Structure formats: C-alpha cells, structure tokens
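# Chain and residue survey
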Amino acid sequence: DKCELGRNFANKIWNAGRFLLMNVENIPLKKELKNSYIDFSDEWIYSRLNKTLQMLNKAMDDFEVNNAIKLIHSFIWNDFCDWYVEMIKNRLYADDEEVKSAVLTRAISIFEDALKMLHPFMPFITEELWQLMDIRKDGESISTSSYPIADENLIKDSADEEMEFVKDIITAIRNIRGEMNIAPSKKINAFIKSSSVKDYQIEYIKKLAKVEELQVDVNIQKPKASASAVLKDVEIFIPLEGLIDLEVERQKIQKEITRLEGSLAGIEKKLSNEKFVSNAAPEVVEKERAKQKNWLENIG
C-alpha cells in the first residue's frame, strides 16, 4: 500500500511537470515578469509555499521527519497540483501573451522551489524534473542549488481566507453534482445568494465547478426544483430540471423520509418511556436525543 501511495505521488508530480513543460513549447518564459499580473490565487500559493517552508524547516529542526514529508506532500498534491495548476489554466489559454508568460514563469518557479523542498525525501524524480525545467550547466544539480528561503512578507492570512472561501463554493457545487449523479460532462447553471463573492472570483468558480451560467446576487430566491448548499454567508442553488429525472429523485427522497420516520418513531417511543429515561445512563439518553434532533432536521 505504501509503495502504491508513493507511486501515485510520483505520478502526480510528474504530470504537473509535464503540463508546465508542454506549455513552455508555446509560451516564452520571462523571468522579469515572474511577479507581474498577480491575482488572489497567486498571492495564496505564495502564502502557502512560504508557510509550508516555515513549518517544514521547524519540523526538520525538531527531527519530525514524518511530519515534514506530510507538509510537503500536502503542498504539492493539494495546493499546487489540485488547485493552483487548475486555476492558472484560464490565464494560460488567454489572448494576452505577456500575461501567459508571467503566469507560466511564476508557476515553474514555484514548482522548482517545491522540487527543492521535496528533494531530500525523493531525490531521483526531483533531480530529473529539475533538470528538465530549464537549461542547466554541465554538472549542475538540484542537490547543490540554493534552497528556498521563507519570506514572511508573502504569508498572508487574508489570501488564505479568500482562497478557502472560493474553494468551499467550488467544492459545494461539485458535491451537489456528485450527490445528484450529474455527469461531469454536463454543464450546469448555478445561482449564488451572497454579497461576498467578488467579480474576479466568478470565472474561477465557473471554470473549476463546470458551470455554464452563474448568477450572483444577495436577493436571489431559490429556483424551483433545485438542489442547494449553505455555507457561511453563501447559499448555492443548482436547478435540476433537465439534468436528472425529478420523479425518480422524488421517489428516492420519499423512501428515505419513510425510513427516517420509522426510526424516529422508535426513538420517540423510547424517550417517552419514563423508565428508560430514569434508568439509562445520561450519556445514552443524550445520544438518543441527539439522534432524534438530527433525524427531525433531515426530514424537515
């Protein structure tokens, strides 16, 4: 199992590197643009990179090697590959050549820093990828290159919070897709009731959640026959008509309601029994009351 985990991680890193190198064929790298055309996703990845570096260095100083590899694994797999690489695609495929150069140059620079952080743990694949990412001199090696230094000025809680907000919305829409068995190939429409979503965040949400039309307004009312999700300061509605068989879905929901009502009747009978309430351990009674509350909310 551990070999499989390592193989999957190596595959993830290799695919990220291959994606970046494929784009180098069409987009010239310009190091002078590395910190140009910064948006909130760039601020977030810089913040995550430097915060990870800080925590990684502390873990190694404390000889917490297992924690150290978890930190770098999480940064590369989750932050860089699953989110950042997906978020830069819009700009990489845009028309502005200078923006494309800035975005790709920055992504490769961050990827190279991540390879250096990972190198002590996975020396061979990181050396191979680092050699491919740029023209190197004879004898030049990642193992003797300068190790990245954490820049506290780039660690921004506000960037982390903004990105988490956008990720939560995208994840909620994806979850609705999964729960409703909506095929990934199907484009959906979505409504977001909120005053917190910024205009520049909308394209990212549409792209990563595969939304065709997205309306954002604080006064939006829930459309008929729609699935919903509630986050802090946000309500999300996905109209289901044309996406699923509503009658089949109604039958499934009714079946679940009937099941819950039967379970609820049993708990209410138990809780109305004074003998049970008096003699059972308090934590057992409390557990039954929590179930009752949970099931009532689900039926509602």
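Reading the values: rules and limits
Residues numbered from 1 in each chain as written. Predicted model: local features only at pLDDT ≥ 70, side-chain atom pairs only at ≥ 80, totals over all residues. Heavy atoms only, no water. pLDDT = per-residue confidence, 0-100. Helix = DSSP H or I, 4+ residues; strand = E, 2+ residues; numbered from the N terminus. Pairing = 2+ DSSP bridges. Axes fitted to C-alpha atoms, helices over the stretch in contact; angles between N-to-C directions. Contact = heavy atoms within 4.5 Å. Salt bridge = Lys/Arg side-chain N within 4 Å of Asp/Glu carboxyl O. Buried < 20%, exposed > 50% of the residue type's maximum accessible area, 1.4 Å probe, protein only. Phe/Tyr/Trp six-rings, centres within 6.5 Å; stacked < 30°, edge-to-face > 60°. Lys NZ or Arg CZ within 6 Å of the ring centre and 35° of its normal. Patch = residues over 30% accessible without salt bridge, like charges linked within 9 Å, V, L, I, M, F, W, Y side chains within 5 Å. Areas by Shrake-Rupley, 256 points an atom, 1.4 Å probe, with all protein chains shown as cover. Lys, Arg positive; Asp, Glu negative; His and termini not counted. Charge placed at Lys NZ, Arg CZ, Asp CG, Glu CD.

## A short note on the confidence of the model for the protein chain
Overall, the predicted model of the protein chain reaches an average pLDDT of 91, with 98% of residues at or above 70. Within the protein chain, no element has a lower average pLDDT than helix α8 (residues 246–271), which sits at 78, and none a higher one than helix α4 (residues 97–118), at 97.

## Details of the pairing of strand β4 (residues 234–239)
Alignment of strand β1 (residues 188–193) against β4, held across three bridges, turns out to be antiparallel. If you follow Ile 192 over to β4, its bridge partner there is Ile 236. The turn joining strand β3 (residues 226–231) and β4, which pair antiparallel and follow one another in sequence, is formed by two residues; a positive phi near 65° is taken by Asp 233.

## Focus on the sheet that holds strand β2 (residues 211–216)
One open sheet accounts for four strands, arranged β2-β1-β4-β3; its pairing is mixed. Every interior strand has two partners, whereas the edge strands, β2 and β3, have only one. Pairs of neighbouring strands in the sheet enclose a mean axial angle of 20°, with direction left out of account. Where β3 lies against β4, six bridges are found, and the strand directions are antiparallel. Looking across to β4, one finds that Ala 229 is bridged to Ile 236. Along the sheet, helix α7 (residues 199–209) contacts β1 and β2; its crossing angle with β2, the most-contacted strand, is approximately 145°.

## Details of the pattern of salt bridges
Within this structure, the stated rule accounts for 18 salt bridges. The partner of Lys 51 in a salt bridge is Asp 160, with the nearest N and O atoms 2.9 Å apart. You can see Lys 51 sitting in helix α2 (residues 40–61) and its partner Asp 160 sitting in helix α6 (residues 157–179), a full 109 residues away along the chain. Of the charged contacts in the structure, one is a salt bridge between Lys 291 and Glu 288, with a shortest N-O distance of 3.6 Å. Of this pair, Lys 291 and Glu 288 are both found in helix α10 (residues 282–299), three residues apart, which corresponds to roughly one turn of the helix. Residue class for Lys 291 comes out partly exposed when judged on its relative accessible area of 33%. Given a relative accessible area of 9%, Glu 288 falls into the buried group. Within this structure, Asp 39, Asp 42, Arg 91 and Arg 106 form a network of salt bridges that share partners.

## Description of the packing of aromatic side chains
If you walk through the whole model with that rule in mind, you get five aromatic pairs. Considering the side-chain rings of Phe 80 and Tyr 84, the 5.9 Å spacing of their centres and the 40° angle between planes classify their relative orientation as tilted. In this pair, Phe 80 and Tyr 84 both sit in helix α3 (residues 65–92), four residues apart, roughly one turn of the helix. In this pair, the class of Phe 80 matches that of Tyr 84, namely buried. Geometrically, the ring pair formed by Phe 80 and Phe 111 is stacked, given 5.6 Å between the ring centres and 20° between the ring planes. Within this pair, whereas Phe 80 is found in helix α3, its partner Phe 111 is found in helix α4, the two being separated by 31 residues in sequence. By relative accessible area, which is 1% here, Phe 80 ends up buried. Phe 111 sits in the buried class, given a relative accessible area of 1%. An aromatic cluster of at least three residues, connected via ring pairs, comprises Phe 40, Tyr 200 and Tyr 204. In this arrangement the basic side chain of Lys 89 is found over the ring face of Phe 19, its NZ or CZ atom lying 5.2 Å from the centre.

## Brief notes about a negative patch on the surface
There is a patch of like negative charges on the surface, built from Glu 32, Asp 95, Asp 96 and Glu 98. As for its placement among the helices and strands, Glu 98 is situated in helix α4. We classify Glu 98 as partly exposed; its relative accessible area is 37%.

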